[in-house]
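Structural description and commentary
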Amino acid sequence: MFAVHLMAFYFSKLKEDQIKKVDRFLYHMRLSDDTLLDIMKRFRAEMEKGLAKDTNPTAAVKMLPTFVRAIPDGSENGEFLSLDLGGSKFRVLKVQVAEEGKRHVQMESQFYPTPNEIIRGNGTELFEYVADCLADFMKTKDLKHKKLPLGLTFSFPCRQTKLEERRGLLMLPRQAWNPWPQAIHLPQAPKQVGPQGVLLSWTKKFKARGVQDTDVVSRLTKAMRRHKDMDVDILALVNDTVGTMMTCAYDDPYCEVGVIVGTGTNACYMEDMSNIDLVEGDEGRMCINTEWGAFGDDGALEDIRTEFDRELDLGSLNPGKQMFEKMISGLYLGELVRLILLKMAKAGLLFGGEKSSALHTKGKIETRHVAAMEKYKEGLANTREILVDLGLEPSEADCIAVQHVCTIVSFRSANLCAAALAAILTRLRENKKVERLRTTVGVDGTVYKIHPQYPKRLHKVVRKLVPSCDVRFLLSESGSTKGAAMVTAVASRMQAQRKQIDKVLALFRLTREQLVDVQAKMRAELEYGLKKKSHGLATVRMLPTYVCGLPDGTEKGKFLALDLGGTNFRVLLVKIRSGRRSVRMYNKIFAIPLEIMQGTGEELFDHIVQCIADFLDYMGLKGASLPLGFTFSFPCRQTSIDKGTLIGWTKGFKATDCEGEDVVDMLREAIKRRNEFDLDIVAVVNDTVGTMMTCGYEDPNCEIGLIAGTGSNMCYMEDMRNIEMVEGDEGKMCINTEWGGFGDNGCIDDIRTRYDTEVDEGSLNPGKQRYEKMTSGMYLGEIVRQILIDLTKQGLLFRGQISERLRTRGIFETKFLSQIESDRLALLQVRTILQQLGLDSTCEDSIVVKEVCGAVSRRAAQLCGAGLAAIVEKRREDQGLEHLRITVGVDGTLYKLHPHFSRILQETVKELAPRCDVTFMLSEDGSGKGAALITAVAKRLQQAQKEN
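It should be emphasised that the depicted structure is a prediction, and the values quoted were computed from it without experimental measurement.

**Considering the overall build of the protein**
Looking only at helices and strands, the protein has 30 helices and 26 strands in total. By the compact-globule yardstick of 30 Å for 948 residues, the protein is too spread out, its C-alpha radius of gyration being 38 Å. On the principal axes, the C-alpha backbone points of the protein span a range of 130 × 70 × 45 Å. For the protein, contacts bridging at least 24 residues in sequence account for 72% of all contacts bridging at least 6. Total accessible area on the protein stands at roughly 38400 Å², and carbon and sulfur atoms take up 49% of it.

Next up, the structure:
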């Protein structure tokens, strides 16, 4: 028993001594946590360099865009071919992806050898060999009669180009904000041209001549044409790492990183488009092939490279390149171990200083030997057997030392791989702006698969370096070739979906001819509305306002102004100082509850008077007698400036006993009922007129007012001689067009969509205000909601799941359009907005939602622009001018807050009315100030009449 203990002690002491001896000899290969954190930092910096256009040419880590924009969603189906070229064997597969989202894949495959004379010979012969193997496979599987899409896994650094001609686009088109169809249209069916990938450099053992800097897809396509009975269309070109990620993503939607640790090593991950300078567009994400094997080619890792790394590099096929890969991958680990053992033997630290010819021979120790020597329990026996095969006579101590050399070399590989992967995971977490990241890493490669300790070591170090990431590692069961088929399947799915989405968005694209037609029809309606005979039939009401002058700067005094036009009611005290064009305002906003908006007229006006009383009390003006201007933003027929008969409610108001009544009389009656104060109601005005007057106070050239907000309307100064409903031919009068009703006679039905019809039928006033329902803030969000529901029903959005909130009318507010279309808004924030609506969206969903919002708001701005162009052209012609200079005063949340609306509107006017120089002036103080100014002008004109 004592002898057994003695032997155990001797063996453990021997093992300890040998481990210490190797540790001392390979001190520089042991990497501390601080060193790994520093390598993480360096790799992050290299990623930044590779992503930036200016620094990419000199970056060692190339960060190549792959144009893979989506991972599988389970709806892919069909039959695909896949090729995998890049390792010691070449593989061809037929992949059948199950229908009905069952995530089931059937594969049939065949391996073909890649002889040295092929992979190091002539490039043309290489591609002809691949085409011959494909032809053999198709013949064996009886596929020659079928036309099949093919995905090519080409596991070498390639730069992909010619995005606009790629078939089966994984890259969605970038949308430019421009009103003209040639600039804004989505692409029609793309040309039948495959992807392009230019080989940057061979890696691993490949050295075929004449391939570098050429397009590998066209080379293979040309080789396939030799086989007349083979009809194959290359739809996708992917790296093996991308293929691995896609394979795993088919099983786990959280997979957004792919890593290969095999013959070579590489990683890819899903990067935010806004960070990729090399590709136009900033929507969504794209898979980046890091090509991290070249990390350190610029000297960034010199401090951790050892003499063995340098010796290995000098003896390689590509000295000075792929430095990181040469410290990690299976092609080099065995050779590193051989160089270390040879050096230790020469130093007398192993085999009693004896060396064999095999130990001197490059490539005699392979990575499979390293894996076998590190096997649990069997490792020492395997080590002895391998060393004996090398012609050595190892002692027990030698076997222990050699095994530990293998451990240090493979552990360093796992550590370096973990540091770079941790850098990628940190970047993903920061891109997503989350404190804790949940993600999956798809992994493939012989080192990871066959080395008994490698996965465990890699996982442990990654989790230690990024404690804020919950990482799942998923082994790619079927390799990157299945991934190429999945990329091809996703490309096919997205191509089909893109066509369906384009078909819907095309309904909202207005050609120049259509906009010119809208302009002409608006012009005709303006003329009908001004004439006595046709006025009653005109959809554009052209209501005289009896506002006959603009401010001249002499107005002065205190005025009370009311502003009613939406869910909020505003009371203002406006102080105007004469001569200095100075206005001071004090105001208070009061809510108008829905039950008041849709109750009785008496309740509505009593509520307004209550708000006035509260304001006067608040301002200390109780009992004061003030001239009052009433901004009433609904269609009214006026017979004088202080009389306005309500034609019909809009914008959600439905108070009874008001339509056909004089709203000024109703306000006076409510003031009498209150019996607390006496106010002189001088003018009733529309908010659009108030906007024009506010801007006219600053710019005498302002003769048009435009509201683009909750509602849509326009007013302008018309020559009295053209207004047949009002007596007199001298001077001008402001006409409130009430253009929201344009099209109520069906004249623009040719550009209305089924979504417009749906919104109209569900509104409070079906069949009315059709133009307003296509252009104003109250309805744009609802149009978007209808489109999103339709696309979801077609399975094109939100995985076909319609949330209960999305079914709710009015839930998609127009403010969401402004937020979603903001150029500064990341898709992550778009997804947050959609989550508020109960919609669990992918990046691809968010892109489509943004496109839908853009199509709806762009059409609204163009239609507004066409209507306004009709007005300015009319003013130019009426005045007999070759060229008109005029200012438009504008107000409204849509114009003010939407990131693109104002620009598109202005560009449309410029295009449709080229002989009009139109200045747009934003109304800073809104229609309330305008009401006070109209009141002041009216008082001034009254005084002038008295004096005359």
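This is not the end of the story, as more comes after the structure.
**Quick notes on the environment of Cys734**
Mapped onto the elements, Cys734 comes out in strand β24 (residues 732-736). With 16 residues separating them along the chain, Cys734 and Glu718 place their C-alpha atoms 6.0 Å apart. When residues no more than four places from it in sequence are discounted, the contact partners of Cys734 are Leu543, Pro544, Thr545, Tyr546, Val547, Val689, Met692, Cys715, Tyr716 and Met717.

**Side note on the side chain of Thr290**
Among the structural elements, Thr290 can be located in the loop between β11 (285-289) and α8 (307-314). The exposure class assigned to Thr290 is buried, which follows from its relative accessible area of 0%. Reaching out from Thr290, the side chain makes a polar contact with the backbone nitrogen of Trp292 at a distance of 3.2 Å.

**Focus: the packing of aromatic side chains**
One pass over the structure, following the stated rule, counts 21 aromatic pairs. A ring pair is formed by Phe43 and Trp292, whose centres lie 5.9 Å apart and whose planes are at 75 degrees; its orientation type is edge-to-face. Residue Phe43 is found in helix α2 (residues 33-51), and its partner Trp292 is found in the loop between β11 and α8; the two are separated by 249 residues along the sequence. Accessibility classification places Phe43 together with Trp292 in one group, the buried group. Judged by centre distance (5.6 Å) and plane angle (80 degrees), the ring pair of Phe812 and Phe816 falls under edge-to-face. Judged by relative accessible area, which is 2%, Phe812 ranks as buried. Owing to a relative accessible area of 6%, Phe816 belongs among the buried residues under this scheme.

**Some remarks on the sheet that holds strand β18 (residues 627-632)**
Hydrogen bonds between backbone groups are what pair the strands of a sheet, and the pairing can be parallel or antiparallel. Pairing is mixed across the open sheet formed by five strands, whose spatial order is β17-β16-β15-β18-β21. Edge positions in the sheet fall to β17 (582-591) and β21 (680-685), since each has one partner strand and no second. Between one strand axis and the next, the sheet turns by 20 degrees as a mean value, whatever way the strands run. Sheet topology places strand β15 (residues 557-564) next to strand β16 (residues 568-577); eight bridges connect them, and they run antiparallel. Bridge pairing in β16 links Lys558 to Lys575. Across the sheet, helix α19 (residues 601-619) is in contact with β15, β16, β17 and β18; its angle to β17 comes to roughly 130 degrees.

**Re the packing of helix α22 (residues 754-761) against helix α24 (residues 777-793)**
Running from N to C, α22 and α24 cross one another at 120 degrees; their axes reach a closest spacing of 9 Å. Taken as axis vectors, α22 and α24 run oblique relative to one another. In the crossing of α22 with α24, the sense of the turn from one axis to the other is right-handed. In this structure, α22 contributes Arg754, Tyr755, Asp756, Glu758 and Val759 to the contact, and α24 contributes Tyr779, Glu782, Ile783, Gln786, Ile787 and Asp790. Looking at the contact of α22 with α24, its residues break down into five nonpolar, one polar and five charged.

**Here we look at the sheet that holds strand β13 (residues 469-475)**
Strands sit in the order β1-β11-β10-β9-β12-β13 across an open sheet of six strands; the sheet is mixed. Only two strands of the sheet have a single partner each, and these edge strands are β1 (64-65) and β13. The pairing of strand β9 (residues 255-261) with strand β12 (residues 437-444) spans five bridges and is classified as parallel. Paired with Cys255 across the two strands is Thr440, which belongs to β12. Helix α7 (residues 240-251) rests against β9, β10 (265-272), β11, β12 and β13 of the sheet, and its axis sits at about 130 degrees to β9. Lying on the sheet, helix α15 (residues 454-465) is in contact with β9 and β13; it crosses β13 at an angle near 160 degrees.

**Re the pattern of salt bridges**
For the coordinates displayed, the defined rule picks out 70 salt bridges. Here Asp313 and Arg305 are joined by a salt bridge, their closest N and O atoms 3.9 Å apart. For Asp313, a relative accessible area of 7% gives the class buried. Owing to a relative accessible area of 9%, Arg305 belongs among the buried residues under this scheme. Measuring nitrogen to oxygen at the nearest pair gives 3.0 Å for the salt bridge that ties Glu877 to Arg523. With a gap of 354 residues between them, Glu877 in helix α27 (residues 843-878) and Arg523 in helix α17 (residues 512-530) connect regions that are remote in the sequence. Judged by its relative accessible area of 41%, Glu877 is partly exposed. Shared partners join several salt bridges into a network, and the residues in it are Arg523, Glu527, Lys531, Glu703, Glu718, Asp719, Arg721, Lys732, Lys874, Arg875, Glu877 and Asp878.

**Looking at the state of the cysteines**
Applying the stated criterion across every chain, the model contains zero disulfides. Cys695 forms no disulfide, and the closest cysteine sulfur to it belongs to Cys702, at a distance of 5.0 Å. Residue classification places Cys695 among the buried positions, given a relative accessible area of 1%. Cys734 takes part in no disulfide bond, and the closest cysteine sulfur to it belongs to Cys715, at a distance of 3.8 Å.

**Brief notes about unusual backbone geometry**
Not every positive phi belongs to a glycine, and Glu291 is a case in point at roughly 55 degrees. By the secondary structure assignment, Glu291 is in the loop between β11 and α8. At Asn675, a residue that is not glycine, the phi angle is positive and equals roughly 55 degrees. Mapping Asn675 onto the fold places it in the loop between α20 (663-674) and β21.

**Brief notes about the nonpolar core**
If you look at the biggest cluster of nonpolar residues, it comprises 86 residues, and the most contacted ones within it are Val259, Trp292 and Leu425. A per-element tally of this core places helix α13 (residues 396-432) first, with 19 residues. Setting aside residues up to four positions removed in sequence, Val259 forms contacts with Thr241, Thr244, Asn266, Ala267, Trp292, Cys417, Leu421, Val441, Gly442, Val443 and Asp444. Judged by nonpolar contacts, the second largest core, of 85 residues, contains Leu510, Val540, Ile789 and Val856.

**A short note on the packing of helix α10 (residues 330-346) against α13**
As a packed pair, α10 and α13 sit with axes 10 Å apart at the nearest point and diverge in direction by 140 degrees. Accordingly, the angle class assigned to the pair α10 and α13 is oblique. Handedness of the crossing formed by α10 with α13: right-handed. Of the residues in α13, those touching α10 at Leu333, Leu336, Val337, Ile340, Leu341 and Met344 are Val402, Val405, Cys406, Val409, Arg412 and Ser413.

**Topic: the pairing of strand β19 (residues 636-640)**
With four bridges connecting them, β19 and strand β20 (residues 643-646) associate as antiparallel partners. Each residue of the ladder has a partner; that of Arg637, found in β20, is Thr645. Between the antiparallel neighbours β19 and β20 lie two residues.

So, how was this worked out
Residues numbered from 1 in each chain as written. Predicted model: local features only at pLDDT ≥ 70, side-chain atom pairs only at ≥ 80, totals over all residues. Heavy atoms only, no water. Helix = DSSP H or I, 4+ residues; strand = E, 2+ residues; numbered from the N terminus. Rg over C-alpha atoms; globule rule 2.2 N^0.38 Å. Contact = heavy atoms within 4.5 Å. Areas by Shrake-Rupley, 256 points an atom, 1.4 Å probe, with all protein chains shown as cover. Buried < 20%, exposed > 50% of the residue type's maximum accessible area, 1.4 Å probe, protein only. Polar contact = N/O pair within 3.5 Å; in protein donor to acceptor, adjacent residues only side chain to side chain. Phe/Tyr/Trp six-rings, centres within 6.5 Å; stacked < 30°, edge-to-face > 60°. Pairing = 2+ DSSP bridges. Axes fitted to C-alpha atoms, helices over the stretch in contact; angles between N-to-C directions. Parallel < 35°, antiparallel > 145°, perpendicular 65-115°, else oblique. Left-handed = near helix turned anticlockwise from the far one by under 90°. Nonpolar A, V, L, I, M, F, W, Y, C, P; charged D, E, K, R; others polar. Salt bridge = Lys/Arg side-chain N within 4 Å of Asp/Glu carboxyl O. Disulfide = S-S within 2.5 Å. Core = buried A, V, L, I, M, F, W, Y, C linked by side-chain atoms within 4.5 Å.

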